[in-house]
Amino acid sequence: MSEPEGFNADLDWLIRDRFGLFIHWGLYALPARHEWVKNRERIPDEQYDRYFRHFNPDLFRPEEWAAAARRAGMRYMVITSKHHEGFALWDSQLTDYKATNTPYGRDLLRPMLDAFRAEGLRVGLYHSLIDWHHPEYPIDGLHPMRDNVEFREREKGRDMAKYAAYLHGQVRELLTHYGRIDYMWFDFSYPGSDWGWSKGKGRADWRSEELEAMCRELQPHIVFNDRLDLGRGVRTPEQYQPRRTSAAEYHFWEACQTMNGSWGYDRDNLDWKPVGLLVRMLIDSVSKGGNLLLNVGPTGRGEFDPRSLERLEGVGRWLHHHGRAIYGCGAAEETPPDDCRYTRSGDRLYLHVFAWPFRNLHLEGLGGRVEYAQLLHDASEVRYRERPGDGTLTLELPVQQPDVAVPVVELFLRR
Ligand code: GLC
């Protein structure tokens, strides 16, 4: 795929791999009620520090995380080096607010990157532009202390330039000392926000052009997402699946999705998506030419919780049989029947059947174009008939839905 405006990176691996693991992990795993807990509950640093004092993920085994991701069929991973809370998962020389100073006492990032690379996955860093802990980060309408007028008054001399220098310095550390990083996932700019007493932050505040240039200087191959407020990078629709027409306007996009609505570990959350829905979201993304970055929020003991593991295993089971309908595939020109999606790679067209019909499926525009058809999971033939002249091919399907999350018919197109 040609490099579009604003990219200097090789996107081919991202387009081929299609499916990645997002990991949101930090001190917020301890309150275990969403990664924005500090904002939502307006928690001052002195109270939030209890989580720093008790952060000790003694069951952290990054090799287990990486193996679970590979078994799930994920081909790349993006981990939060720092989230909005400002806590660094690595041994940063620019702050004391880091994993090595917690009871755990060690760098969490290096073993994690090594473990995922060892499993053959590419690695990316989610790095928060926002920082609710840094003493020079100007208080604004998203800050946990936004409603404390006395605190705001006392802190109004904060210097954004000093914070931006810290931001750049930490990114430099990460791209210098942690090996090859394939993807920088910055989060997020909000230049249009205005609370009267404060405004949002965007490219001028972060010095985004320089930040992007520095990343490219250090790791020229690196891919960026679109949240530096520069109007370029991989588009990142969040917690929704874009419409086909919108997806067609993005040069390249990746839907980032949670399993239950929360990025960070959220103990009492009951909104867990079933495996079938997660599989359909992956198919939907690829059918529109995009990727799915599916999130797990590990616990404060350093484990993927059973509900996350169950879903990763379920998606992996489906991909075990259907991976070639996803990896390296993209959108098809043809319009699928209702409740179906097409993905395409060369002369293979894959029909993903979201709602199993009774016996027949009519494929418009495929008359005379198909040489053979089979159910992908077991390579069992699917017979079909064609009505000469009207361009329709009608599949003759078994009454029983195959016992897979989403059945797929592999259509071998005539060359
Ligand atoms: C939003 C949230 C942040 C989350 C990100 C993931 O920006 O603020 O908590 O990490 O989405 O895409």
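Residues numbered from 1 in each chain as written. Predicted model: local features only at pLDDT ≥ 70, side-chain atom pairs only at ≥ 80, totals over all residues. Heavy atoms only, no water.

(A) Region of interest: the packing of helix α11 (residues 275-287) against helix α12 (residues 306-322). Packing of α11 against α12 brings their axes to within 9 Å, and their N-to-C directions diverge by 55°. Judged on the interaxial angle alone, α12 and α11 are oblique. Note that α11 runs across α12; the crossing there is right-handed. Residue-level contacts link V275, L278, V279, L282 and I283 of α11 to E310, R311, G314, V315, W318 and L319 of α12. (Axes fitted to C-alpha atoms, helices over the stretch in contact; angles between N-to-C directions. Helix = DSSP H or I, 4+ residues; strand = E, 2+ residues; numbered from the N terminus. Parallel < 35°, antiparallel > 145°, perpendicular 65-115°, else oblique. Left-handed = near helix turned anticlockwise from the far one by under 90°. Contact = heavy atoms within 4.5 Å.)

(B) Representation of the sheet that holds strand β13 (residues 383-387). Pairing in this open sheet of three strands is antiparallel, and the strands run β10-β14-β13 from one edge to the other. The sheet is open, and its two edges are formed by β10 (360-364) and β13, each paired on a single side. The average undirected angle you get between the axes of adjacent strands in this sheet is 25°. (Pairing = 2+ DSSP bridges.)

(C) The arrangement of the domain arrangement of the chain in detail. Taken domain by domain, the chain holds domain 1 (12-325) and domain 2 (340-413). Computed over C-alpha atoms, the centres of domain 1 and domain 2 are 39 Å apart. Counting residues at the interface gives 13 residues for domain 1, matched by 15 residues for domain 2. Contact between domain 1 and domain 2 buries roughly 1,200 Å² in total, counting both sides, with carbon and sulfur atoms accounting for 66%. For the domain 1 face of the interface with domain 2, the top three residues by lost area are H322, R324 and A325, together amounting to 40%. The interface formed by domain 1 and domain 2 contains two salt bridges. (Domains from an automatic or database assignment. Buried area = accessible area lost by both parts, 1.4 Å probe. Salt bridge = Lys/Arg side-chain N within 4 Å of Asp/Glu carboxyl O.)

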